[in-house]
Amino acid sequence: MTPETTLTPEQILSAAEDVLRRFGPAKATVVDIARSLGVSHGSVYRHFPSKAALREAVTQRWLDQAHESLHSISIESGPAGERLHRWLTTLFAAKRKKALDDPELFATYLTLVAEHSNTVDAHLRTLTEQIAHIVQDGVWQGEFSPVPVAPTARAVFHASAHFHDPGYAAEWTDERRSTADFEALWALLHAGLRGPWGTPEPKPRTTGK
């Protein structure tokens, strides 16, 4: 039993995750969460004013945990190409692990994510900003062409969606194939970042008569 005077938001969020895993988002209640902690539901509401606020906090926690190592990669000082490859690989591995190791909880979070689009949108902006930071470093280092940083970061994120968008999770079960597909995509992205940007297409030659 958790004494109500020492109850913390982190304890509540951990308990909420366990309850959601057992009952799913449709049936899980604040009373269930409080019961699992051995406290009154009023104690939970002292930290989270509503069920919606609690579910949003659970969603934010899950997103943060899934991507906690990405920020440190984005602010390293090494070669940008290696960092961007590792950032994308880490993102894919985190999503794949959650989808395949705990499919019930993963499905639950897909429901919560759909409920809290503002939380998700903010999180996606953070991820795109991290890509932009790496791309900018690549331009400064001379490894990447002088690309427009913000739209290029968005393009990289969207182009790699197959490997982090939960909608494609069913296709991640074949690790060998999905890894090969990812590396093929990375080769294209890396070549594009390093190649000429905005160079006009050569005009076709004309032959005089």
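Everything numeric in this text was worked out from a predicted model, so none of it was measured.

Scoring rules and cut-offs
Residues numbered from 1 in each chain as written. Predicted model: local features only at pLDDT ≥ 70, side-chain atom pairs only at ≥ 80, totals over all residues. Heavy atoms only, no water. Helix = DSSP H or I, 4+ residues; strand = E, 2+ residues; numbered from the N terminus. Rg over C-alpha atoms; globule rule 2.2 N^0.38 Å. Buried < 20%, exposed > 50% of the residue type's maximum accessible area, 1.4 Å probe, protein only. Contact = heavy atoms within 4.5 Å. Areas by Shrake-Rupley, 256 points an atom, 1.4 Å probe, with all protein chains shown as cover. Lys, Arg positive; Asp, Glu negative; His and termini not counted. Charge placed at Lys NZ, Arg CZ, Asp CG, Glu CD. Expected span 1.5 Å × (residues − 1). Arc of directions from axis to C-beta. Core = buried A, V, L, I, M, F, W, Y, C linked by side-chain atoms within 4.5 Å. Axes fitted to C-alpha atoms, helices over the stretch in contact; angles between N-to-C directions. Parallel < 35°, antiparallel > 145°, perpendicular 65-115°, else oblique. Left-handed = near helix turned anticlockwise from the far one by under 90°. Nonpolar A, V, L, I, M, F, W, Y, C, P; charged D, E, K, R; others polar. Salt bridge = Lys/Arg side-chain N within 4 Å of Asp/Glu carboxyl O.

(A) Region of the structure containing the overall build of the protein chain. Counting its secondary structure elements, the protein chain contains ten helices and zero strands. Expected size for 209 residues packed as a compact globule is a radius of gyration near 17 Å; at 22 Å, the protein chain overshoots this value by more than 25%. For the protein chain, the proportion of its 209 residues judged to be buried stands at 42%. For the protein chain, long-range pairs separated by at least 24 residues make up 69% of all intrachain contacts whose partners lie at least 6 apart in sequence. Surface exposure of the protein chain reaches about 11800 Å², of which carbon and sulfur atoms provide 57%. Charge-centre separation for the protein chain: the mean point of 22 positive side chains lies 4 Å from the mean point of 25 negative side chains.

(B) Inspection of helix α10 (residues 175-194) at higher detail. Taking 1.5 Å per residue, 20 residues should reach 28 Å; α10 reaches 28 Å between its end C-alpha atoms and fits that length. Among the residues making up α10, those that are buried are Ser178, Phe182, Leu185, Trp186, Leu189, His190 and Leu193. Taken end-on, α10 shows its buried residues confined to a sector of 140°, consistent with a single buried face. Exposed side chains of α10 directed beyond 90 degrees from the buried face belong to Arg176, Arg177, Leu188 and Arg194. Buried residues along α10 sit against α6 (80-101) and α9 (149-159).

(C) Main features of the nonpolar core. Ile12, Ile33, Leu54, Val58, Trp87, Leu88 and Ile131 are the most contacted members of the largest nonpolar core, which totals 53 residues. It is α6 that contributes the most residues to this core, seven residues altogether. In contact with Leu88, not counting residues within four places along its chain, are Val156, Ser160, Phe182, Trp186 and Leu189.

(D) Spotlight on the packing of α6 against α10. Packing of α6 against α10 leaves a shortest axis separation of 11 Å and a crossing angle of 150°. Relative to α10, α6 is oriented roughly antiparallel. As for how α6 packs across α10, the hand of that crossing is right-handed. In contact with Gly81, Leu84, His85, Leu88, Thr89, Phe92 and Arg96 of α6, α10 contributes Glu175, Ser178, Phe182, Glu183, Trp186, Leu189, His190 and Leu193. Split into classes, the residues belonging to the contact of α6 with α10 amount to seven nonpolar, five polar and three charged.

(E) The arrangement of the pattern of salt bridges in detail. According to the stated counting rule, one finds eleven salt bridges in the structure shown. Between Arg86 and Glu82 there is a salt bridge, with its nearest N and O atoms 2.7 Å apart. Pair noted here: Arg86 and Glu82 are both in helix α6, with a separation of four residues, about one helical turn. Look at Arg86 and you get partly exposed, because its relative accessible area is 26%.

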